[in-house]
Amino acid sequence: MVVPLQNTIRDYAWGSPTALPELLGVQPDGEPQAELWMGAHESAPSVLPNGDTLYDVVSADPAAVLGADTAERFEGRFPFLAKLLAAAQPLSIQAHPSRDQAIDGYARDEAAGIPRDAADRNYKDAWPKPEILIALEPFDALVGFRPLESTVALLDALGPAGFGDLTDLLRNGKLREAFTDFMSRDRDAIRPLVAALGFAVDTYTGEAFALERETISRLCADFPDDPGVLAALLLNRVRLQRFDAVYLPAGNVHAYLRGLGFEVMANSDNVLRGGLTSKHVDVPELVSVVDFEPLADPVLTATTDGVYETGCPYFAVRRVDLDGDERTVDGAGPRIICCVDGTVDAVGKESAVKLSAGQSAFASGTEGPCSLRGSGTAFVVSAR
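Structure report, in brief. Quick caveat, the model's predicted, so the values are computed rather than measured. (Residues numbered from 1 in each chain as written. Predicted model: local features only at pLDDT ≥ 70, side-chain atom pairs only at ≥ 80, totals over all residues. Heavy atoms only, no water.)

A closer look at the packing of aromatic side chains
Taken as a whole, this structure holds 13 aromatic pairs when the rule is applied. Residues W127 and Y314 carry aromatic rings whose centres are separated by 6.4 Å and whose planes lie at 85° to one another, so their mutual orientation is edge-to-face. Taken as a pair, W127 in the loop between α5 (99-111) and β6 (131-135) and Y314 in the loop between β13 (307-308) and β14 (316-329) lie far apart in primary sequence, 187 residues in all. Residue class for W127 comes out buried when judged on its relative accessible area of 11%. Here F139 and Y256 contribute two aromatic rings whose centre-to-centre distance is 5.6 Å and whose plane-to-plane angle is 85°, an arrangement assigned as edge-to-face. Placement of the pair is F139 in strand β7 (residues 139-145) and Y256 in strand β10 (residues 254-266), with a sequence separation of 117 residues. Of the two residues, F139 and Y256, neither departs from the other in class, the shared state being buried. The structure contains a cluster of three or more aromatic residues connected by ring pairs, namely F243, F262, Y308 and F379. (Phe/Tyr/Trp six-rings, centres within 6.5 Å; stacked < 30°, edge-to-face > 60°. Helix = DSSP H or I, 4+ residues; strand = E, 2+ residues; numbered from the N terminus. Buried < 20%, exposed > 50% of the residue type's maximum accessible area, 1.4 Å probe, protein only.)

Here we look at the layout of surface pockets
Taken as a whole, the largest pocket encloses approximately 1100 Å³ of empty space. Together, 45 residues line the largest pocket, and Y12, D269, V271, R273 and K279 are the ones closest to its centre. Within the residue set of the lining of the largest pocket, elements represented by two or more residues are β3 (35-39), β4 (80-87), β10 and β11 (272-275). Per-element tally for the lining of the largest pocket: the top contributor is β10, with four residues. For the lining of the largest pocket, the class distribution of residues is 17 nonpolar, 11 polar and 17 charged. (1 Å grid on protein atoms, 1.4 Å probe; cavity = no way out; pocket = protein on both sides within 12 Å on 5 of 7 lines; lining within 4 Å. Points joined across faces, edges and corners; volume = space filled by probe spheres on them. Nonpolar A, V, L, I, M, F, W, Y, C, P; charged D, E, K, R; others polar.)

Details of helix α8 (residues 175-184)
Taken together, the buried positions of α8 are occupied by L175, A178, F179, F182 and M183. Considered in projection along α8, the buried side chains sweep an arc of 110° and stay on one side of the axis. (Arc of directions from axis to C-beta.)

Now the structure itself:
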């Protein structure tokens with residue numbers, strides 16, 4: 001089957017009040033609209049035309065909806081979640097566990113008797129959460145650790161008071177120690193460091209590190225006693241242009257800052273936070289899953305046929321640009337098709353769905369190939 005989806009918008013405080021309404025062509029109501037969810041996550045599943053949720057339909061007969069191979073590989077669980085994400089304020093400094101780490105952490109939280117919906121629970125499920133964010137407009141983010149020599153150069157240029165120990169650790173290649181030290185300090189110890197960093201940035205007269213200085217200045221003002229501000233010193237500051245992407249495998253420390261994007265992740269709710277948030281923070285657990293290998297170039301672009309090559313075992317993403325033509329979308333497991341520009345028809349064996357920007361359709365794992373036609377751009381997300 002190929003059917004339209006009715007999706008839920010999440011109103012997290014960091015969301016933009018205008019970006020999603022403008023994409024959808026509706027009047028803003030003045031409230032933040034952060035994420036539009038497409039998929040079968042139990043907390044906000046998409047709704048099918050008959051009123052059933054995609055979560056309930058998958059739970060009732062996984063093989064019929066996902067296809068037998070996908071249902072077996074992912075233990076009857078829908079393998080991915082797609083979102084439109086609109087950030088007006090920074091999201092938390094965070095990382096996600098690997099599959100083995102998620103299994104272990106989930107078992108520990110279960111054994112400790114922590115309720116699954118508890119605010120201080122780290123592992124909501126036993127699955128990893130690799131993700132890709134594809135920009136629909138200029139999108140700012142902190143992604144992975146910057147090469148150490150670049151971070152030392154930034155600190156040398158700014159010269160903030162009280163950062164000698166951090167700089168020395170980095171000069172000696174001790175990134176883990178530097179990150180752990182500053183992220184573990186209490187707010188009374190962090191406040192003067194953030195103030196010194198903000199002063200150094202605001203009084204800097206050079207031209208280097210313009211994006212980094214812009215972000216650090218904003219974070220120092222908005223989060224005066226948060227260690228996540230110091231983490232921003234260590235991470236790559238990127239500005240994605242339209243259809244540029246970042247892929248975030250297990251252990252990648254990141255924070256989205258501002259912009260509108262299309263996001264796909266494994267179907268999990270495991271987030272380990274370190275700062276820039278009022279939610280639960282567990283620095284030791286975060287450090288235990290972090291990959292401290294510096295990332296020189298975090299930006300990913302699509303191949304000539306629109307594929308974002310991540311190697312992720314949970315999902316594949318392809319961008320399809322149409323100019324009055326038609327393209328075949330191969331069928332391998334369940335697919336979500338999301339239009340982000342223009343008008344696109346998703347055509348199956350017995351049905352067709354007309355999509356405008358912000359709308360999506362679902363093709364079941366038993367549907368086989370379907371096609372897209374029209375004038376516009378759509379993302380096709382499929383199971384691996």
